[in-house]
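Take a look at the letters that make up each chain.
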Amino acid sequence: MAAAMFTRLTKFGKGDEYEDLDGDDNVEMDITDMYRSAGKMPGAKTKSQNDVNRAVQRQKPLDTIPPVEETFTVQECIDQIGFGKFQIKLSILTGFAWMADAMEMMILAILSPALHCEWRLDGWQEAFITTVVFCGMMCSSSFWGSICDKYGRKTELILCSVITCYFGILSSFAPNFIWMLILRGLVGFGIGGAPQSVTLYAEFLPSKSRATCVTLIEIFWAIGACFEVLLALLVMPTLGWSYLLGFSALPLLIFSLFCVWLPESARYDMTRGCYDKALQTLERIAKDNGKPMPLGKLVEPQGHAIKRGRVKDLFIPELKITTILLWIIWLVCAFSYYGIVLLTTAMFENPDGCHGTDVKFNPNPTCFLECKSLTTKDYIDLTWTTFAEFPGLFITAYLLNKIGRKYTMVLEFIIFTLFVMLVNICMTRAVLTFFLFVARAFISGAFQGAYVYTPEVYPTSMRALGLGTCSGMARIGAIVTPFVAQVLLKESAYAAVSIYGVMCLIASAAAFLLPIETKGRDMKDSGHEETKSKK
């Protein structure tokens, strides 16, 4: 009897309303309805069996409603799989690329002083050897970003590594100043694509470990920088700068060969509609890590599609302020980081007899024998200041997860300003080396903070382009800094050092004003997801 009563009701799949199967709009029932439906109400007219059968056929049982299909995104899959064997292998390969690029950059602090004496270069020519590399990097940054977004991260990394290696080896045969400028400029063009390795690496990391991993991968940069100084210590006194340039280019060739193993970004495959390839990559990660794949179907996050590779997308309302502030931060980071690297060797050659040198000398001697080049003691002290990047990275890795990305950059910019201003004091070589050590540690950390923050704040559809344009702004700072650290320093060490302090104060204010904190935040795939992420 109760079953007969409930056959009159059915629940729609998309609402909470009930329908009377007999066509009666009154769905309220009292105790007498049970008798009517059972045909036991005195004087009531009993329904025929056919009516009952038709009612049963019209009813749709709840168990026939199709269940909601489970789905997952690329980031959700990577978060569930977690950090494992795959990420360790990727860290080593990406780190090797970083190490090779660090060697090409660190050689700038060694090459200019060597050519200054051998080719009898003026101060502006010495600075221009460094500047032309950054000019090539600036010209290629957005180019590599577009290549990365259109043809893939893997293709871009192999191409830029081969170009850098090829012209790096050719530059070791440069016969004169003009040829050196051309070849080192082409080396810079190739190095401009190196930051995209961070893009690929970050897209394979779980959200919780992303900041720590991206920061610690920079250990390879510090290893490469230290290795270059030690290599110079062995090669320069005997073989000279040409052999140093040739040896420094070889690691990039090794990296290019090992890129056969490197997978394409699953996020990139999703944005161009290659769902099967993205799924295969995720299954490969799960297999390497020994973890199961999430249940359900791989889907893109909710959001509107955005055409890739457009600079104007970086200035949508949700990202406009962030983009402008990041450009300031990256410009100052490169200006100050490469400035402190060049400043170290320049201070060791400083002619005022106060900042790290014991006696005064002529910075532009007329006699070749009077030209002062770097000594073994200079290379040893340069090695000590280069080792500063290791503690800087570990401190940064801790602070990024403790106080967030924004405030880590603010704090480290301020500490750098404090110690670089102390360099203005007339001091001994040991004290100068210590101040430069601390300053380099914290500007290196601030730079790595920017490297962590930038891929996190931009969505997948414009991440490589965003990082590429930021890298381009960094090159502007790097282009200018040799004329401060290598030219202005010889005129006034106080003016040169003070400029670095003031610039980093500006950068600390820009970092403080960043509207988005990315600590613990999922990487977005569409710019339209940004409005939901602001804090």
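Residues numbered from 1 in each chain as written. Predicted model: local features only at pLDDT ≥ 70, side-chain atom pairs only at ≥ 80, totals over all residues. Heavy atoms only, no water.

Draft legend 1. Examining helix α15 (residues 275–289) more closely. The end-to-end C-alpha distance of α15, which contains 15 residues, comes to 21 Å, matching closely the 21 Å that a straight helix rising 1.5 Å per residue would cover. Buried within α15 we find A278, T281, L282, I285, A286 and N289. Each buried residue of α15 lies within a common arc of 140° when the element is viewed along its axis, so the set occupies one face. Exposed residues on α15 whose side chains face more than 90 degrees from its buried face are D276, Q280 and K287. (Helix = DSSP H or I, 4+ residues; strand = E, 2+ residues; numbered from the N terminus. Expected span 1.5 Å × (residues − 1). Buried < 20%, exposed > 50% of the residue type's maximum accessible area, 1.4 Å probe, protein only. Arc of directions from axis to C-beta.)

Draft legend 2. Molecular detail of empty space enclosed by the protein. For the structure shown, the criterion picks out seven cavities of 30 Å³ or more. Empty space within the largest cavity amounts to approximately 140 Å³. Lining the largest cavity are 17 residues, with W98, W221, Y338, F447 and Y451 positioned closest to its centre. Secondary-structure elements contributing two or more residues to the lining of the largest cavity are α5 (85–106), α16 (320–348) and α20 (429–457). It is α20 that provides the largest number of residues to the lining of the largest cavity, a total of four residues. (1 Å grid on protein atoms, 1.4 Å probe; cavity = no way out; pocket = protein on both sides within 12 Å on 5 of 7 lines; lining within 4 Å. Points joined across faces, edges and corners; volume = space filled by probe spheres on them.)

Draft legend 3. Spotlight on helix α21 (residues 460–491). Here α21 is 32 residues long and its end C-alpha atoms lie 47 Å apart, about the 46 Å a rise of 1.5 Å per residue gives. Within α21, the axis deviates most sharply at V480, by approximately 30°, and proline P482 lies no more than four positions further along. For α21, the tally of buried residues reaches 25 of 32 residues, placing the bulk of the element in the interior. (Bend = angle between axes of the 7 residues up to and from the residue.)

Draft legend 4. Representation of the confidence of the model for the protein chain within the structure. Taken residue by residue, the protein chain gives an average pLDDT of 79. The fraction at 70 or more is 78%. For the protein chain, strand β1 (residues 9–11) is the element with the lowest average pLDDT, namely 40, and helix α19 (residues 405–422) is the one with the highest, namely 95. For residues 1–46, every residue scores under 50 in pLDDT, and the model assigns this stretch 41 contacts once sequence neighbours within four places are set aside. In this model, residues 530–535 is a region of pLDDT below 50 whose contacts with residues beyond four sequence positions or in other chains number 16 contacts. (pLDDT = per-residue confidence, 0-100. Contact = heavy atoms within 4.5 Å.)

Draft legend 5. The side chain of E203, seen in detail. Relative to the elements of secondary structure, E203 occurs in the loop between α10 (196–202) and α11 (210–216). A polar side-chain atom of E203 sits 2.4 Å from a polar atom in the side chain of S265. A polar atom in the side chain of E203 sits 2.9 Å from the side chain of R463. (Polar contact = N/O pair within 3.5 Å; in protein donor to acceptor, adjacent residues only side chain to side chain.)

Draft legend 6. Quick look at a nonpolar patch on the surface. Taken together, the side chains of L239, Y243, F247, L250, L253, I254, L257 and F258 define a hydrophobic patch exposed on the protein surface, amounting to about 780 Å² of accessible area. Along the chain, I254 falls in helix α13 (residues 241–258). (Patch = residues over 30% accessible without salt bridge, like charges linked within 9 Å, V, L, I, M, F, W, Y side chains within 5 Å. Areas by Shrake-Rupley, 256 points an atom, 1.4 Å probe, with all protein chains shown as cover. Salt bridge = Lys/Arg side-chain N within 4 Å of Asp/Glu carboxyl O.)

Draft legend 7. Geometry of the nonpolar core. Among the nonpolar cores identified, the biggest contains 139 residues, and I329, W330, Y338, I340 and F413 are the most heavily contacted of them. Here the element with the most residues in this core is α16; it accounts for 19 residues. Dropping the residues within four chain positions of it, F413 is found in contact with I329, C333, I443, A446, C504, A507 and S508. One finds I219, A222, C226 and F390 within the second-largest nonpolar core, a separate group that totals five residues. (Core = buried A, V, L, I, M, F, W, Y, C linked by side-chain atoms within 4.5 Å.)

Draft legend 8. Representation of unusual backbone geometry. Phi is positive for R120, which is not a glycine, with a value near 55°. Examined against the element boundaries, R120 turns out to sit in the loop between α6 (108–118) and α7 (123–151).

Draft legend 9. Seen up close, the packing of aromatic side chains. All told, the structure shown has 25 aromatic pairs when counted by the stated rule. Through successive ring pairs, a cluster of aromatic residues spans W98, F134, W221, W330, Y337, Y338, F447 and Y451. Its end group placed over the ring of W261, R284 keeps NZ or CZ at 5.0 Å from the ring centre. (Phe/Tyr/Trp six-rings, centres within 6.5 Å; stacked < 30°, edge-to-face > 60°. Lys NZ or Arg CZ within 6 Å of the ring centre and 35° of its normal.)

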